[in-house]
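Below are the chains, spelled out letter by letter.
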Amino acid sequence: MSIHSPVAPSLRQGFMGGYLETLALVERLHRLLLDVIKDEFERVGVLEINAVQALLLFNVGDHEVTAGELKSRGYYQGSNVSYNLKKLVELGFMHHQRCEIDRRSVRVRLTERGRHIRDLVAELFERHAAGLQTSGVIDLDGLEVITAALRRMERYWGEQIRYIY
């Protein structure tokens, strides 16, 4: 996503320009977050999994969920959830078990190794939160304003998907 994409110059101004800039920023922030996690893992010697898989472990936390719930609960935003789950199970970061009631369904939870990765990511986020506050980059009120605006955009986009037909 680029605000320099083939959009008429007149549309790159005003609200449309701000909207395009916001979209590009959200995309860049997500990629940057993945890079920050990757760099942290390289620093501490965790090389078996990637940043997307680490975020998945962080988001699952202490829950036991089905693969479908990973997306519906917002724990995983990617399109290849089955690949990442399979890799995490193979590498011993997640445990999977067929559901007793519905044998087609598989429930997953973190192993001890998975909890270790979750804790590494949590510690990284705690350091960042403290650093953002102490350096004056953003305070709680600023975070609440940003979060509220992004939630409204999320709701709007969700409604666009639901009511497309």
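Residues numbered from 1 in each chain as written. Predicted model: local features only at pLDDT ≥ 70, side-chain atom pairs only at ≥ 80, totals over all residues. Heavy atoms only, no water.

**A few points about the confidence of the model for the protein chain**
Stated precisely, the cut-off is as follows: pLDDT expresses, on a scale from 0 to 100, how confident the predictor is about each individual residue. Working definition: helices are DSSP H or I runs of at least four residues, strands are E runs of at least two. Numbering for both runs from the N terminus.
When pLDDT is averaged across the protein chain, the result is 88; 89% of the residues are at 70 or more. Confidence, expressed as mean pLDDT per element, reaches its minimum in the protein chain at helix α3 (residues 67-72) with 78 and its maximum at helix α5 (residues 112-134) with 98.

**Focus on the pairing of strand β3 (residues 106-110)**
Inclusion rule: In this analysis, strands are considered paired if DSSP registers two or more bridges between them.
When strand β1 (residues 65-66) meets β3, the two strands line up antiparallel, connected through two bridges. Bridge pairing in β3 links threonine 66 to arginine 107. One ladder, built from five bridges, connects strand β2 (residues 94-98) with β3; its direction is antiparallel. Looking across to β3, one finds that histidine 95 is bridged to arginine 109.

**Quick notes on the packing of helix α2 (residues 51-60) against helix α4 (residues 81-90)**
The test is simple: Here an angle of 0 to 180 degrees is reported between the N-to-C directions of two axes, which are lines fitted to C-alpha atoms, with helices fitted over the stretch in contact. Working rule for angles: under 35 degrees goes down as roughly parallel, over 145 as roughly antiparallel, 65 to 115 as roughly perpendicular, anything else as oblique. Any two residues whose heavy atoms approach within 4.5 Å are treated as being in contact. Amino acids are sorted into nonpolar (Ala, Val, Leu, Ile, Met, Phe, Trp, Tyr, Cys and Pro), charged (Asp, Glu, Lys and Arg) and polar (every other residue, Gly among them).
Look at α2 against α4: their axes get within 11 Å of each other, and the N-to-C directions meet at 80°. The orientation of α2 relative to α4 falls into the category roughly perpendicular. The segment α2 lies against α4, with Val52, Gln53, Leu56 and Leu57 engaging Tyr83, Asn84, Leu85, Lys87 and Leu88. Classifying every residue of the contact of α2 with α4 gives six nonpolar, two polar and one charged.

**Digging into the sheet that holds β2**
The antiparallel open sheet is built from three strands, whose spatial order is β1-β3-β2. With partners counted over all chains shown, the strands left at the sheet margins are β1 and β2, one partner each.

**Things to note about the environment of histidine 116**
Within the secondary structure, histidine 116 is located in helix α5. Sequence separation between histidine 116 and phenylalanine 58 is 58 residues, and the spatial gap between their C-alpha atoms is 9.6 Å.

**Considerations on the nonpolar core**
Filter applied, for reference: What is meant by a nonpolar core is a set of buried Ala, Val, Leu, Ile, Met, Phe, Trp, Tyr and Cys residues, joined one to another through side-chain atoms within 4.5 Å. Burial classes: relative accessible area under 20% of the type maximum marks a residue as buried, over 50% as exposed, and values in between as partly exposed (1.4 Å probe, protein chains only).
Residues Phe41, Ile49, Leu57, Leu70, Met94 and Ile117 are the most contacted members of the largest nonpolar core, which totals 26 residues. Of all elements in the fold, only α1 (14-44), α2, α4, β3 and α5 reach the threshold of two or more residues within this core. For this core, the element with the highest residue contribution is α2, accounting for six residues. Leucine 70 has contacts with Leu56, Val60, Val65, Tyr75, Tyr76, Val81 and Leu85, leaving out every residue within four places of it along the chain.

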